[in-house]
Amino acid sequence: MPRRVTYLVLKYLHVIGATVILGTGSGIAFFMLMAHRSRDTVFVARTAGIVVLADVVFTATAVVAQPVTGLLLVRETGQALTDGWMLASLALYAVAGAFWLPVVWMQIRMRDLARSAAADGRALPPEYHRLFHIWFAFGFPGFGAVMAIVWLMIAKPG
């Protein structure tokens, strides 16, 4: 495969990965928020189950693919990992991960709490509401870090 084709395929995969992270993240946030606002325990339980599945299938796959395609792009282009925008991107990726990993656990716990409440015909318990507020708050720095990374990838400031 000629070098130009290799670069374009890697760049394409890298952009698709960023798109999947942003798209799945915003979709998950929207659907979970709308389910939560409904206060319908059964709806929350079903939505949380889909949210957990989407995070595992789409987000986790893209989260693994991003550093792989990124490092291959660095190798392909001869760019230095020590460039300022690259170091900032890597630091922001760590920040995003530091907020995303607990969010995954919270989503699983909220799903389980909602399923249990739905099965028993109860309202969502206080622990669910506490986790939801933390989950919601964690979304801002996590998602903001990913948005900043995308800007750095595009602008590559000096």
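Structure's up top.
Here the structure is a predicted model, which means the values were calculated and not measured.

Draft legend 1. Fine view of the overall build of the chain. Regarding its fold elements, the chain presents 4 helices and 0 strands. Helices and strands appear in the chain in the N-to-C order α-α-α-α. Based on the C-alpha atoms only, the size of the chain along its principal axes is roughly 60 × 30 × 20 Å. Counting every position in the chain, which comprises 158 residues, the buried fraction comes to 35%. Restricting to contacts in the chain with at least 6 residues of sequence separation, those with at least 24 account for 77%. Per element, the accessible surface of the chain, about 9,100 Å² overall, is 73% carbon and sulfur. Charge-centre separation for the chain: the mean point of 13 positive side chains lies 5 Å from the mean point of 7 negative side chains.

Draft legend 2. Quick peek at helix α2 (residues 41-77). Between the first and last C-alpha of α2 there are 51 Å, a value that for 37 residues agrees with the 54 Å anticipated at 1.5 Å per step. The largest bend in α2 amounts to roughly 35 degrees and is located at Asp55. Of the residues flanking the start of α2, the one acting as N-cap is Asp40, its side-chain oxygen 3.1 Å from the backbone nitrogen of Val42. In the segment just after α2, Gly78 is the residue with positive phi, at about 75 degrees.

Draft legend 3. A look at the pattern of salt bridges. Here the structure, examined in full by the defined rule, presents 4 salt bridges. One salt bridge in this structure joins Arg3 and Glu76, with 3.0 Å as the shortest N-O distance. Of this pair, Arg3 sits in helix α1 (residues 3-38) while Glu76 sits in helix α2, and the two are 73 residues apart along the sequence. Notably, a salt bridge pairs Glu127 with Arg109, separated by 3.0 Å at the nearest N-O pair. Here Glu127, found in helix α4 (residues 126-155), pairs with Arg109, found in helix α3 (residues 84-120); they are 18 residues apart in sequence, far enough to count as distant. The exposure class assigned to Glu127 is partly exposed, which follows from its relative accessible area of 27%.

Draft legend 4. Inspection of the packing of α1 against α4 at higher detail. Closest axis-to-axis distance for the α1/α4 pair is 11 Å, and the angle between their directions is 155 degrees. Our classification of the angle between α1 and α4 gives roughly antiparallel. Classified by chirality, the crossing of α4 by α1 is left-handed. Contacts between α1 and α4 involve His14, Ala18, Ile21, Leu22, Gly25, Ser26, Ile28, Ala29, Met32, Leu33 and His36 from the first element and Tyr128, His129, Phe132, Trp135, Phe136, Phe143, Val146, Met147, Val150 and Met153 from the second. Residue composition of the contact of α1 with α4, grouped by class: 16 nonpolar, 5 polar and no charged.

Draft legend 5. How the structure looks around the environment of Lys156. Mapped onto the elements, Lys156 comes out in the segment after α4. Setting aside chain neighbours within four positions, we find Lys156 in contact with Trp85 and Trp151. At 3.0 Å, the side chain of Lys156 and the backbone oxygen of Met153 are in polar contact.

Draft legend 6. Fine view of the nonpolar core. Counting 18 residues, the largest nonpolar core has Met32, Val44, Met110, Tyr128, Phe132 and Trp135 as its most contacted members. Every element with two or more residues in this core is listed here: α1, α2, α3 and α4. When near neighbours in sequence (up to four residues on either side) are disregarded, Val44 contacts Ala35, His36, Ser38, Ala114, Leu124 and Tyr128. Counting residues in hydrophobic clusters, the runner-up holds 14 residues, among them Ile21, Val74, Ala145 and Ile149.

What counts and how
- Residues numbered from 1 in each chain as written.
- Predicted model: local features only at pLDDT ≥ 70, side-chain atom pairs only at ≥ 80, totals over all residues.
- Heavy atoms only, no water.
- Helix = DSSP H or I, 4+ residues; strand = E, 2+ residues; numbered from the N terminus.
- Buried < 20%, exposed > 50% of the residue type's maximum accessible area, 1.4 Å probe, protein only.
- Contact = heavy atoms within 4.5 Å.
- Areas by Shrake-Rupley, 256 points an atom, 1.4 Å probe, with all protein chains shown as cover.
- Lys, Arg positive; Asp, Glu negative; His and termini not counted.
- Charge placed at Lys NZ, Arg CZ, Asp CG, Glu CD.
- Expected span 1.5 Å × (residues − 1).
- Bend = angle between axes of the 7 residues up to and from the residue.
- Polar contact = N/O pair within 3.5 Å; in protein donor to acceptor, adjacent residues only side chain to side chain.
- Salt bridge = Lys/Arg side-chain N within 4 Å of Asp/Glu carboxyl O.
- Axes fitted to C-alpha atoms, helices over the stretch in contact; angles between N-to-C directions.
- Parallel < 35°, antiparallel > 145°, perpendicular 65-115°, else oblique.
- Left-handed = near helix turned anticlockwise from the far one by under 90°.
- Nonpolar A, V, L, I, M, F, W, Y, C, P; charged D, E, K, R; others polar.
- Core = buried A, V, L, I, M, F, W, Y, C linked by side-chain atoms within 4.5 Å.

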